[in-house]
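Given next are the chains, with one letter for each unit.
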Amino acid sequence: MKVLLDTNIIIHREGNFPLNKDIGVLFKWLDNLHYTKCIHQITISEINKLKAGNTREVMNIKLDSYNALQVQSTINSRVKSVSDSVDINDNDRNDTLLLNELFIGTVDFLITEDKKIKRKANTLGIVHKVFT
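In this report, the structure presented in the accompanying data block is examined.

The rules behind each value
- Once a new chain begins, its residue numbering starts again from 1 and follows that chain's sequence as written.
- For a predicted model such as this one, the threshold for reporting local features is a pLDDT of at least 70, and the threshold for listing and counting side-chain atom pairs is 80 or more; totals across whole chains, interfaces and linings nevertheless cover every residue.
- Water and hydrogen atoms play no part in the side-chain values, which are based on all heavy atoms of the structure.
- Under the DSSP-based scheme used, a helix requires at least four consecutive residues in state H or I and a strand at least two consecutive residues in state E, with every element numbered from the N terminus.
- Note that the radius of gyration is over C-alpha atoms, with the globule rule given as 2.2 Å times the number of residues to the power 0.38.
- Partly exposed describes any residue whose relative accessible area lies between the buried limit of under 20% and the exposed limit of over 50%, with all areas from a 1.4 Å probe on protein chains only and scaled to the type maximum.
- By definition in these notes, contact holds between two residues if any of their heavy atoms fall within 4.5 Å.
- Surface exposure here means Shrake-Rupley accessible area, sampled with a 1.4 Å probe, where a residue is shielded only by the protein chains that are shown.
- Neither His nor the chain ends contribute to the count of charged residues, in which Lys and Arg are positive and Asp and Glu negative.
- A charge is said to be at NZ when it belongs to Lys, at CZ for Arg, at CG for Asp and at CD for Glu.
- Each pair of aromatic rings taken from Phe, Tyr and Trp, with Trp reduced to its six-membered ring, is defined by centres within 6.5 Å and is described as stacked if the planes are under 30 degrees apart, edge-to-face if over 60, and tilted in the remaining cases.
- An axis is simply a line fitted to the C-alpha atoms; with a helix, the fit covers only the stretch in contact. Between two such axes, the angle follows the N-to-C directions and lies from 0 to 180 degrees.
- Oblique is the label for every angle not falling under 35 degrees (roughly parallel), over 145 degrees (roughly antiparallel), or within 65 to 115 degrees (roughly perpendicular).
- We call a crossing left-handed when the near helix sits turned anticlockwise from the far one by less than a right angle, and right-handed when that turn is clockwise.
- Think of it as three bins: nonpolar holds Ala, Val, Leu, Ile, Met, Phe, Trp, Tyr, Cys and Pro, charged holds Asp, Glu, Lys and Arg, and polar takes everything else, Gly as well.
- As used in this record, nonpolar core signifies buried Ala, Val, Leu, Ile, Met, Phe, Trp, Tyr and Cys residues forming a set joined through side-chain atoms within 4.5 Å.
- Note on pairing: two strands pair once DSSP finds at least 2 bridges between them.

1. Considerations on the overall build of the protein chain
Helix and strand counts for the protein chain come out as seven helices and five strands. What you see in the protein chain, going N to C, is helices and strands ordered as β-α-α-β-α-α-β-α-α-β-α-β. A compact globule built from 132 residues should have a C-alpha radius of gyration of about 14 Å, and the protein chain, at 14 Å, falls within 12% of that. Taking all 132 residues of the protein chain together, 40% fall into the buried category. The long-range fraction of contacts in the protein chain, counting pairs at least 24 apart against all pairs at least 6 apart in sequence, stands at 68%. Accessible surface computed for the protein chain: about 7600 Å², of which carbon and sulfur atoms make up 52%. For the protein chain, the distance from the average site of its 18 positive side-chain charges to the average site of its 16 negative ones is 3 Å.

Pasting the structure below:
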């Protein structure tokens, strides 16, 4: 099983000051179940926008331990329709790219803390594959 991790999950997990210890427990279970932890190219891009000291360099080293999706898929027309009616900023549109990978079956599950992703997934009928 492939699990796509939202950027905020990665930041919470790999940052210098983890804010949510439950994410560590989540990663333990993903490892125990032999699930593949995936990240999207947009996550890598978002992390490369960080400017604080050597944070970007450290985070990029840590990102090497994840399976990066190699191909960014074309947005499915249904996903685009939902996105066009909901997304208002670049962050929303980036989240739609993650949701698209789930919708088209590149990954089996998506883990996020974003409520808008859950709403879009509900509209698309895949909310049962999105976990918080």
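Picking up after the structure, the text goes on.
2. Things to note about the packing of aromatic side chains
In the structure shown here, the tally under the stated rule is three aromatic pairs. Here Y35 and F109 contribute two aromatic rings whose centre-to-centre distance is 6.4 Å and whose plane-to-plane angle is 10°, an arrangement assigned as stacked. Here the residue Y35 occupies a position in the loop between α2 (21–32) and β2 (36–39), and F109 occupies one in strand β4 (residues 109–111), the gap between them amounting to 74 residues. Taken together, Y35, F109 and F131 form an aromatic cluster joined through their ring pairs.

3. Structural notes on the packing of helix α5 (residues 77–86) against helix α6 (residues 90–104)
Running from N to C, α5 and α6 cross one another at 155°; their axes reach a closest spacing of 10 Å. By the angle between their axes, α5 is roughly antiparallel relative to α6. Where α5 crosses over α6, the two elements pack in a sense that is right-handed. Judged by residue contacts, R78, V79, S83 and V86 of α5 engage D92, T96, N100 and F103 from α6. Looking at side-chain class alone, the contact of α5 with α6 contains three nonpolar, three polar and two charged residues.

4. As for the nonpolar core
Ranked by size, the top nonpolar core spans 17 residues in total, and within it L4, L99, L102, L110, L124, I126 and V130 carry the most contacts. Elements with a minimum of two residues in this core: α5, α6 and α7 (115–124). What L124 contacts, discounting residues up to four positions off in sequence, is R78, V79, V82, L99 and F103.

5. Here we look at the pairing of strand β1 (residues 2–5)
Where β1 meets β2, three bridges bridge the pair, whose relative direction is parallel. What sits directly across from L4, in β2, is C38. Where β1 lies against β4, three bridges are found, and the strand directions are parallel. Across the sheet, L5 pairs through a bridge with I111, a residue of β4.

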